[in-house]
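For reference, the chains in residue letters:
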Amino acid sequence: MNPLVWVWIPKMKADMELACDEYVLEILGEKESIPYGMTLLSGIFTSKIG
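Here we summarise the structure given alongside this text. (Residues numbered from 1 in each chain as written. Predicted model: local features only at pLDDT ≥ 70, side-chain atom pairs only at ≥ 80, totals over all residues. Heavy atoms only, no water.)

**Focus: the overall build of the protein**
A count of helices and strands for the protein gives two helices and zero strands. The globule rule puts the C-alpha radius of gyration for 50 residues at 10 Å, and the 15 Å found for the protein is more than 25% above it. Dimensions of the protein along its principal axes, counting C-alpha atoms only, are 45 × 30 × 10 Å. Looking at the 50 residues of the protein, the share that counts as buried comes to 4%. (Helix = DSSP H or I, 4+ residues; strand = E, 2+ residues; numbered from the N terminus. Rg over C-alpha atoms; globule rule 2.2 N^0.38 Å. Buried < 20%, exposed > 50% of the residue type's maximum accessible area, 1.4 Å probe, protein only.)

Next comes the structure, spelled out in structure tokens:
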């Protein structure tokens, strides 16, 4: 396997995650963007602590 694949895969996963978040925010609208962001941050902090 090409060694560059190991560099590319994490970047691709990050791009996919951002695309999913962008899509969700488009559906939810501006009113729900802050609660959505807070939910993401809560999940990050919970996983780091626990």
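**Concerning the environment of Leu 4**
You can see Leu 4 is positioned in helix 1 (residues 4-28). Residues Leu 4 and Leu 25, spaced 21 residues apart in sequence, show a C-alpha to C-alpha distance of 32 Å.

**So, helix 1**
Between its terminal C-alpha atoms helix 1 stretches 36 Å, which fits the 36 Å expected from 25 residues at 1.5 Å a residue. Gly 29 sits one or two residues past helix 1 and shows a positive phi near 90°. (Expected span 1.5 Å × (residues − 1).)

**Quick notes on a nonpolar patch on the surface**
On the surface, Ile 34, Met 38, Leu 41, Ile 44 and Phe 45 cluster together into a nonpolar patch covering about 530 Å² of accessible area. Take Ile 34: it is sitting in helix 2 (residues 33-49). (Patch = residues over 30% accessible without salt bridge, like charges linked within 9 Å, V, L, I, M, F, W, Y side chains within 5 Å. Areas by Shrake-Rupley, 256 points an atom, 1.4 Å probe, with all protein chains shown as cover. Salt bridge = Lys/Arg side-chain N within 4 Å of Asp/Glu carboxyl O.)

**Topic: the side chain of Asp 21**
As for its position among the elements, Asp 21 is in helix 1. A relative accessible area of 15% places Asp 21 in the buried class. Excluding anything up to four places from it in sequence, Asp 21 contacts Tyr 36 and Leu 40. (Contact = heavy atoms within 4.5 Å.)

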